[in-house]
Amino acid sequence: MTKTLTILGIESSCDDTAAAIVRQTNGVPEVLSSIVHGQNDLHENFGGVVPEIAARAHVEKLDISVKQALTKANVTLADLDGVAVTAGPGLIGGVVSGVMLAKGICAATGLPLIGVNHLAGHALTPRLTDQVTFPYLMLLVSGGHCQFLLVKSHDDYTRIGGTIDDAPGEAFDKTARILGLPQPGGPNVQKAAEAGDPKRFKLPRPLLNQAGCDMSFSGLKTAMIRARDAVIAENGGLTLQDQADLSAGFQTAVADILTEKSRRALQAYFALDPTTRTFAVAGGVAANSQIRQQLQALCATLDTEFVAPPLALCTDNGAMIAYAGLARFDAGDQDDMTLSARPRWPLDQTSAPMLGSGKKGAKA
Ligand code: KG4
Ligand code: ZN
């Protein structure tokens, strides 16, 4: 007998309003629709996401996103088995907006309500896209997150390291700003770096030789400002070649840190004796081609499969929330109307919490 589950996923924890429909048939998931309304233009003049502006924009776009997701998937509310919604961690105004909409739909239809940890959404994406088997190692690396997770089941995660200060995406965005490159920084720094010499500037790789998988990027940011200021003091400004060389030096430093720390995280993962060895990445920074190439090369030397989901499912989206909710619901778990929105919500409740709070929302 065919067993299907169809779930609506709602995401509004940062600066993307998203809704999606995911259907699982006999254990195989499929994204029927995934709608994302970004807010880059609303925040671009402020140097970061402004929580109040984000929350208001979510309220305007949430119900439209849900309608579009249903229409595109060619389903109605009556075809759904449940409503999954990001209940944290994230910017609280946005999270509350999504949770209230989900509660409203569930109150009106009687559908089950499933609260989802945003990080679980990212962490389970390799199962949605590539049917990866547990346990696997995940590197989540974006503008707001940077952590290594051992993913053992849909509700069993161990964080074995992460940034102790900034997320790499923040550092890419800051680097673009100090070099006079446009936002978002990552793709523009990557483009500038193509013509650059990564060896011209000596940039630090903080914590590289320290044991464990923790990382730090704020010292690298400061070193970039110093290197730029030294060039300006000497030559009166930055040439295109200076921009390219600084970008290439920065990108290589980030790639080296992520690669070395991934090597150590993989050792911790291999100790679990997994039946198949899989290392997956997610988050906007995982789009960087040098970082991808270095991580892929590392996996090739360690007989490990490297999984990088398509970018649209690596960055914030509703499909990952629908799928994480589906996994919870399939295991017999759901919430009731007391579900609350949480600004902070570590996936791994046992490891010590990480320091700091990224400009794009709470780190966990
Ligand atoms: O996952 P994401 O869309 O949003 C969250 O942070 O949650 O990630 C956005 C971040 C930005 O900081 C952006 O500069 C960075 O990912 N990014 C990149 C690249 N594309 C996007 N960083 C490095 N290289 C890229 N090609
Ligand atoms: Zn995210």
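Residues numbered from 1 in each chain as written. Chains lettered and ligands numbered in written order. Predicted model: local features only at pLDDT ≥ 70, side-chain atom pairs only at ≥ 80, totals over all residues. Heavy atoms only, no water.

**Let's talk about the pairing of strand 1 (residues 4-11)**
What counts, and what does not: Relative accessibility under 20% of the residue-type maximum defines a buried residue, over 50% an exposed one, and the middle range a partly exposed one, all with a 1.4 Å probe and only protein chains included. Only runs of H or I of at least four residues qualify as helices and only runs of E of at least two qualify as strands under DSSP, and these elements are numbered from the N terminus. A pair of strands counts as paired when DSSP detects no fewer than two bridges linking them.
A large share of strand 1 lies buried, amounting to seven of its eight residues. Sheet topology note: the strand 1/strand 2 (residues 16-25) ladder contains eight bridges and is antiparallel. Within strand 2, the position partnered with Gly9 by the bridge is Ala20. Where strand 1 folds back onto strand 2 in an antiparallel hairpin, the turn is made up of four residues. Where strand 1 lies against strand 4 (residues 82-88), four bridges are found, and the strand directions are parallel. Looking at the pairing, Leu8 lines up with Val83 of strand 4.

**Comments concerning the coordination of the zinc ion (ligand 2)**
We apply this condition: Metal sites are built from N, O and S donor atoms within 2.8 Å, or 3.2 Å for Na, K and Ca, and they leave out water, so they may look incomplete. Irregular is the default label, applied whenever a site is not tetrahedral (four donors, all angles between 85 and 135 degrees) and neither square planar nor octahedral (four or six donors, opposite donors over 155 degrees apart, all other angles between 65 and 115).
Looking at the zinc ion (ligand 2), the protein donor atoms are His118 (NE2), His122 (NE2), His145 (NE2) and Asp316 (OD), and they sit 2.1 to 2.7 Å from it. Coordination at the zinc ion (ligand 2) is irregular, judged from the four donor atoms that bind it and the angles of 88 to 163° they form at the metal. Between consecutive donor residues of the zinc ion (ligand 2), the sequence gaps follow H-x3-H-x22-H-x170-D. Of this pair, His118 sits in helix 4 (residues 118-130) while His145 sits in the loop between strand 6 (136-141) and strand 7 (146-153), and the two are 27 residues apart along the sequence. Among the residues examined, His118 registers a relative accessible area of 1% and is labelled buried. Given the relative accessible area of 11%, His145 is considered buried.

**Section: the domain arrangement of the chain**
Applicable threshold: Source of the domain bounds: an automatic or database domain assignment. Contacts are assigned to residue pairs with any non-hydrogen atoms lying within 4.5 Å of each other. As a working definition, buried area equals the accessible area (1.4 Å probe) given up by two parts on being put together, with both sides summed. Definition used for salt bridges: Asp or Glu carboxyl oxygen within 4 Å of a side-chain nitrogen of Lys or Arg.
According to the domain assignment, the chain consists of domain 1 (4-127 + 313-362) and domain 2 (135-311). The C-alpha-based centres of domain 1 and domain 2 are spaced at 26 Å. In this assembly, 26 residues from domain 1 lie in contact with 29 residues from domain 2. Carbon and sulfur atoms make up 64% of the area that domain 1 and domain 2 hide from each other, which totals about 2400 Å². Counting across the interface, domain 1 meets domain 2 through zero salt bridges.

**A closer look at the site of ligand 1**
The condition that has to hold: In this text, near means that some heavy atom of the residue lies within 4 Å of the molecule or strand in question. Polar contacts, as used here, are pairs of N or O atoms within 3.5 Å; protein pairs need one atom able to donate a hydrogen and one able to accept it. Residues neighboring in sequence count only if both atoms are side-chain atoms. Per-residue and other accessible areas were derived by the Shrake-Rupley procedure at a 1.4 Å probe size, with only the shown protein chains allowed to occlude residues. Under the grouping applied here, Gly and all other residues not named as nonpolar or charged are polar, the nonpolar ones being Ala, Val, Leu, Ile, Met, Phe, Trp, Tyr, Cys and Pro and the charged ones Asp, Glu, Lys and Arg.
Close to ligand 1 lie 18 residues, the nearest being Gly143, Asp173, Gly186, Gln190 and Gly284. Here an oxygen atom of ligand 1 sits 3.3 Å away from a polar atom, N or O, in the main chain of Gly144. Starting from 560 Å² of accessible surface for ligand 1 in isolation, the protein chains cover 89%. Element by element, the count of residues in the shell around ligand 1 is highest for helix 6 (residues 185-193), at four residues. Of the residues that constitute the shell around ligand 1, the class distribution is four nonpolar, eleven polar and three charged. Taken domain by domain, the shell around ligand 1 gets at least three of its residues from each of domain 1 (4-127 + 313-362) and domain 2 (135-311).

**Things to note about the sheet that holds strand 9 (residues 278-282)**
Across a sheet, paired strands are connected by hydrogen bonds in the backbone, their directions being either parallel or antiparallel. Rule in force here: For every element, the axis is a line fit to its C-alpha atoms; helices are fit only across the contacting stretch, and the angle between N-to-C directions ranges from 0 to 180 degrees.
An order of 8-7-6-9-10 is seen for the five strands of this open sheet, with the pairing classed as mixed. Bordering the open sheet on either side are strand 8 (156-162) and strand 10 (305-307), each of which pairs with just one other strand. Neighbouring strand axes in the sheet, compared pairwise and without regard to direction, differ in orientation by 25° on average. Both strand 7 and strand 8 contribute to a ladder of six bridges, which runs antiparallel. Considered in strand 8, the bridge of Leu149 is made with Arg159. Together, strand 6, strand 7, strand 8 and strand 9 form the strand contacts of helix 8 (residues 240-270), whose direction differs from that of strand 6 by roughly 150°.

**What to know about helix 7 (residues 218-235)**
Test applied: Residue count minus one, scaled by 1.5 Å, sets the expected span of a helix. Directions from the helix axis toward the C-beta atoms define the arc.
Between its terminal C-alpha atoms helix 7 stretches 26 Å, which fits the 26 Å expected from 18 residues at 1.5 Å a residue. Along helix 7, the residues classified as buried are Leu220, Lys221, Ala223, Met224, Ala227, Arg228 and Val231. On an axial view of helix 7, the arc spanned by its buried residues comes to 165°, and they lie on one face. Structural note: helix 7 exposes Arg226 and Ala233 on the side pointing more than 90 degrees away from its buried face. Where helix 7 is buried, its residues meet helix 5 (168-179) and helix 8. Taken from the residues just after helix 7, Gly236 is the one with a positive phi, measuring 85°.

**Focus: the pattern of salt bridges**
Under the definition given, this model contains ten salt bridges. For the salt bridge of Asp229 with Arg228, the shortest nitrogen-to-oxygen distance reads 2.8 Å. A salt bridge links Arg328 to Asp335, with the shortest nitrogen-to-oxygen separation between them at 2.7 Å. Under the relative-accessibility criterion, Asp335 is labelled partly exposed at 23%. When salt bridges that share partners are traced, they join Arg200, Asp242 and Asp245 into one network.

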